[in-house]
Amino acid sequence: RKITKEALYEPIPGGARWRYIWGSTLTFAIAVQFITGMFLWMAYSPSAQTAWESVYYIQHEMKGGWILRGIHHWTAQAMTILLVLHLMQVLIDGAYKAPRELNFWTGLILLQLVLGLSLTGYLLPWDQKGYWATKVATNLMGLVPWVGDDLQRLVVGGSDYGHHTLTRFFALHAGVLPMGIIALIGAHIYFFRKQGIHTKKPHKKKDGMFWPDQVLMDAVACLAVLITVLVFVRMFHGAHLSAPANPAESFPARPDWYFLFLFQFLKYFEGGREILGAIIIPGAVMTFMFVMPFLGGWKLGHRFNVFFIVVLLVGAGYLTWEAMDADKRNPEYQAALVQSDKDSHRVVELARGLGIPPE
């Protein structure tokens, strides 16, 4: 009874609001990822010789596998959007200011770990898109001063990309990063409950409790996220799988859409200046975000923080659109995508013609 009372009967000054749902929807999305990830793990084979085949088996042969993989894939996309919405709500409401700076900092680290999950998961199907995109991402690690080459070799698992690269990314995706996320979620919730809910003023309603009003709003929001994910799963019949990774065949590397703005941003720093766009500027932006709670205590500083994030998001959105528009008008890139799909079907037809079972 004490635990139930502590968890549910928390006072909410000004009553329940829809603007408070984003933290709960994020927790729900992470829980969905952990559950679907566990079931995918049961059919996935983390080897450079078997990874693509096992993902194909999940997508096309395993009963309900395309739904399972689709939920995992599209929930990952939704998490990125929910992260941005939650960050904006926290900043606009001023919930990052002292004494809540520890809660804000754990949230920023969580954001980076979730993006790390997306990056490591992109390679696991061992298809052309994931292989070449990851190769570009890990090459950027070589730009880190002093330790870049050693860091890249550590992540890649040697001097070239292969089996050890896949197994290390799988270990990060299924073990290291989830453990870090669970620990930080615990710390995040602890700091949140310790300081209490920071509410947007003025209060238009009388004070309320977390149960039942806010719980109902959170549940409706989580249901809306799930329905949206299922709509995309049905539209795209799960998630796309391109041809098996082929190091001997060049493929235009592109990250998934949530990293596409960084990919486009780097184009402005070509010619030996990549370290600026890949390391220095992103590092400075993230450092400034950790400093925000100190500026937020000043009224003008709070307004600047909100303005900075809005400009950052608008800029990222523009760069994403610019990259997508350039790819849409690039016949070579479009032809490579079509050829990749043809190669994928050809591999499957060849295997079936030889009597090789899909699993």
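Report follows, based on the coordinates. (Residues numbered from 1 in each chain as written. Predicted model: local features only at pLDDT ≥ 70, side-chain atom pairs only at ≥ 80, totals over all residues. Heavy atoms only, no water.)

Turning next to the overall build of the protein chain. Scanning the protein chain for helices and strands turns up 13 helices and two strands. Relative to its length of 359 residues, the protein chain is compact, with a C-alpha radius of gyration of 22 Å against a globular reference of 21 Å. The principal-axis extents of the C-alpha atoms in the protein chain amount to approximately 70 × 50 × 35 Å. Counting every position in the protein chain, which comprises 359 residues, the buried fraction comes to 41%. Approximately 19800 Å² of the protein chain is accessible, and the part contributed by carbon and sulfur atoms is 69%. (Helix = DSSP H or I, 4+ residues; strand = E, 2+ residues; numbered from the N terminus. Rg over C-alpha atoms; globule rule 2.2 N^0.38 Å. Buried < 20%, exposed > 50% of the residue type's maximum accessible area, 1.4 Å probe, protein only. Areas by Shrake-Rupley, 256 points an atom, 1.4 Å probe, with all protein chains shown as cover.)

Contact geometry of helix H11 (residues 274–296) with helix H12 (residues 299–328) gives a least axis separation of 8 Å together with a crossing angle of 155°. Relative to H12, the element H11 is oriented roughly antiparallel. H11 and H12 meet at a crossing whose hand is left-handed. Facing Val 285, Phe 288, Met 289, Met 292, Leu 295 and Gly 296 of H11, the residues of H12 in contact are Gly 301, His 302, Phe 304, Asn 305, Phe 308, Ile 309 and Leu 312. Class assignment of the residues belonging to the contact of H11 with H12 gives a composition of nine nonpolar, four polar and no charged. (Axes fitted to C-alpha atoms, helices over the stretch in contact; angles between N-to-C directions. Parallel < 35°, antiparallel > 145°, perpendicular 65-115°, else oblique. Left-handed = near helix turned anticlockwise from the far one by under 90°. Contact = heavy atoms within 4.5 Å. Nonpolar A, V, L, I, M, F, W, Y, C, P; charged D, E, K, R; others polar.)

Further remarks concern the nonpolar core. Within soluble globular proteins, side chains that are nonpolar generally end up buried alongside one another. Ile 181, Val 229 and Val 233 are the most contacted members of the largest nonpolar core, which totals 23 residues. Among the elements that make up this core, the one with the highest residue count is helix H4 (residues 65–93) (seven residues). When neighbours within four sequence positions are excluded, Val 229 is seen to be in contact with Ile 71, Trp 74, Thr 75 and Ala 78. (Core = buried A, V, L, I, M, F, W, Y, C linked by side-chain atoms within 4.5 Å.)

Take helix H9 (residues 210–235) next. The first and last C-alpha atoms of H9 sit 36 Å apart over 26 residues, in line with the 38 Å expected at 1.5 Å per residue. Among all positions in H9, only Gln 214, Met 217, Asp 218, Ala 221, Cys 222, Val 225, Val 229 and Val 233 are buried. Of the surrounding secondary structure, the elements contacted by the buried residues of H9 are strand E1 (11–12), helix H2 (22–41), H4 and strand E2 (208–209). At the exit of H9 stands His 237, carrying a positive phi of roughly 50°. (Expected span 1.5 Å × (residues − 1).)

This part takes up the packing of aromatic side chains. Counted according to the given criterion, the structure contains 19 aromatic pairs. Pairing Trp 105 with Phe 294 gives two aromatic rings, centres 5.9 Å apart and planes at 45°, and the pair type is tilted. Of this pair, Trp 105 sits in helix H5 (residues 101–123) while Phe 294 is found in helix H11, placing the two residues 189 residues apart along the sequence. Phe 294 gets classed as exposed once you look at its relative accessible area, which sits at 60%. Above the plane of the ring of Tyr 333 lies Arg 254, whose end atom (NZ or CZ) is 4.6 Å from the centre. (Phe/Tyr/Trp six-rings, centres within 6.5 Å; stacked < 30°, edge-to-face > 60°. Lys NZ or Arg CZ within 6 Å of the ring centre and 35° of its normal.)

With 14 residues, helix H6 (residues 128–141) extends 21 Å from end C-alpha to end C-alpha; this agrees with the ideal 20 Å at 1.5 Å per step. Every buried residue of H6 is listed here: Gln 128, Gly 130, Tyr 131, Trp 132, Ala 133, Thr 134 and Thr 138.

Further remarks concern unusual backbone geometry. With omega at 10°, the peptide bond leading from Ala 98 into Pro 99 counts as cis. Mapped onto the elements, Pro 99 comes out in the loop between H4 and H5. For the peptide bond that leads from Trp 211 to Pro 212, omega is 5°, which places it in the cis range. Turning to its location among the elements, Pro 212 is positioned in helix H9. The phi dihedral of Trp 146 falls on the positive side, at around 70°, and the residue is not glycine. Within the element layout of this structure, Trp 146 appears in the loop between H6 and helix H7 (148–156). Overall, Trp 146 belongs to the exposed group, its relative accessible area being 86%.

This paragraph deals with the environment of Val 55. If you trace the backbone, Val 55 turns up in helix H3 (residues 51–61). When its relative accessible area of 5% is taken as the criterion, Val 55 is described as buried.

One pass over the full model with this rule turns up three salt bridges. Residues Arg 329 and Asp 325 are paired through a salt bridge, measuring 3.0 Å at the closest nitrogen-oxygen approach. Under the relative-accessibility criterion, Asp 325 is labelled partly exposed at 24%. (Salt bridge = Lys/Arg side-chain N within 4 Å of Asp/Glu carboxyl O.)

What follows covers a nonpolar patch on the surface. Together, Leu 223, Ile 227, Val 231, Phe 232, Met 235 and Phe 236 make up a nonpolar patch on the protein surface, roughly 580 Å² of accessible area in all. Relative to the assigned elements, Phe 236 resides in the loop between H9 and helix H10 (260–266). (Patch = residues over 30% accessible without salt bridge, like charges linked within 9 Å, V, L, I, M, F, W, Y side chains within 5 Å.)

Our next topic: the environment of Ala 51. Topologically, Ala 51 is positioned in helix H3. Put simply, Ala 51 and Ala 245 are 194 residues apart on the chain and 9.9 Å apart in space, counted from C-alpha to C-alpha. Apart from the residues within four sequence positions on either side, Ala 51 is in contact with Tyr 44, Ser 45, Leu 124, Pro 125, Trp 126 and Leu 166.

From the geometry alone we can't say anything about function, so treat these as descriptive.
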